[in-house]
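# Chains, contacts and geometry: an overview
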Amino acid sequence: MRLNAFLARAGVASRRSADELIRERRVTVNGEAGEFNTVVGADDVVEVDGQRVEVQPLHYVLLNKPSGVVTTADDPQGRPTVVDLVSHATRVMPVGRLDVDTTGALLLTNDGELAHRLAHPSFGVPKVYDVDVVGSPSPDVLAALRSGIDLEDGRTAPAEARIVRRGTRVSRIELTIHEGRNQQVKRMCAAVGLPVEHLHRRRYAGLRLVGLDPGQWRELTPDEVASLRHTTGS
Ligand code: URA
């Protein structure tokens, strides 16, 4: 296996970030500086910054994130994190981010390469949100959400938006986006005059939460992992 693939499988970095580590001469193989074309086998000793790294079995976990939990490995404010919730023998890291008050589907993995691809906008991974907004969105507002909203970091890509329920004060929109910008849904809704009261991600890259209560998690099935790989051309 090539050195960058080995580092990705060891959970150190995505292949691209692994190339950076190799370029910076931070990786050694059997005591010699690793090169881009170095091939690594089971008996080779690979070190990054002098620390031994080994290929780990890959794990993929789907968490139903509850509100009040932060999407990070370590919170300086000491709040509970998604990594604390998933008491897995292998340290799995979140793919992308849900806000502290957002609930729903969050993937965690030690497969740095797949995580990198899933987060990359070129693959257009679908994320389906139930968005409870204050007000009753007009057809024009829904059309604007679908066609693209000008945000300070650029126009949003085409999305799907439909009304699930109209209420006297709060309505529910199902919004499917194919990007993962910071606070994208809340910013899109704010731009069309709809304050978000609650945000729940019902589906991520085809993964559903069926049977998982808030705070519960499960391993993905081999078919689900294969489907993620297919989606990202891995
Ligand atoms: N968009 C948001 O605004 N917040 C999230 O947590 C996810 C998507």
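Residues numbered from 1 in each chain as written. Predicted model: local features only at pLDDT ≥ 70, side-chain atom pairs only at ≥ 80, totals over all residues. Heavy atoms only, no water.

## Quick look at the environment of Leu62
Considering the arrangement of structural elements, one finds Leu62 in strand β5 (residues 60–65). Taking the C-alpha atoms as reference points, Leu62 and Leu220, separated by 158 residues in sequence, lie 6.6 Å from one another. Filtering out sequence-adjacent residues up to four positions away, Leu62 remains in contact with Ala105, Leu106, Leu207, Arg208, Leu209, Leu212, Gln216, Trp217, Arg218 and Leu220. (Helix = DSSP H or I, 4+ residues; strand = E, 2+ residues; numbered from the N terminus. Contact = heavy atoms within 4.5 Å.)

## So, the side chain of Thr71
For Thr71, the location among the structural elements is in the loop between β5 and α3 (82–85). Looking at Thr71, the relative accessible area reads 11%, which means it is buried. In this view, Thr71 contacts Lys65, Val82, Pro94, Gly96, Arg97, Leu98 and Leu106; residues no more than four positions away in its chain are not counted. (Buried < 20%, exposed > 50% of the residue type's maximum accessible area, 1.4 Å probe, protein only.)

## Let's talk about the site of the ligand
With respect to spatial proximity, the complete set of residues near the ligand consists of Leu98, Asp99, Thr102, Tyr129, Gln183, Gln184, Val185, Lys186 and Leu199. Between the ligand and Asp99 there is a distance of 2.7 Å, counted from an oxygen atom to a backbone nitrogen or oxygen. Taking Thr102, its side chain carries an N or O atom lying 2.8 Å from an oxygen atom of the ligand. Here the residues of the shell around the ligand are counted per class, giving four nonpolar, three polar and two charged. Counting only domains with at least three residues in the shell around the ligand, you end up with domain 2 (60–121 + 207–232) and domain 3 (126–204). (Near = heavy atom within 4 Å. Polar contact = N/O pair within 3.5 Å; in protein donor to acceptor, adjacent residues only side chain to side chain. Nonpolar A, V, L, I, M, F, W, Y, C, P; charged D, E, K, R; others polar. Domains from an automatic or database assignment.)

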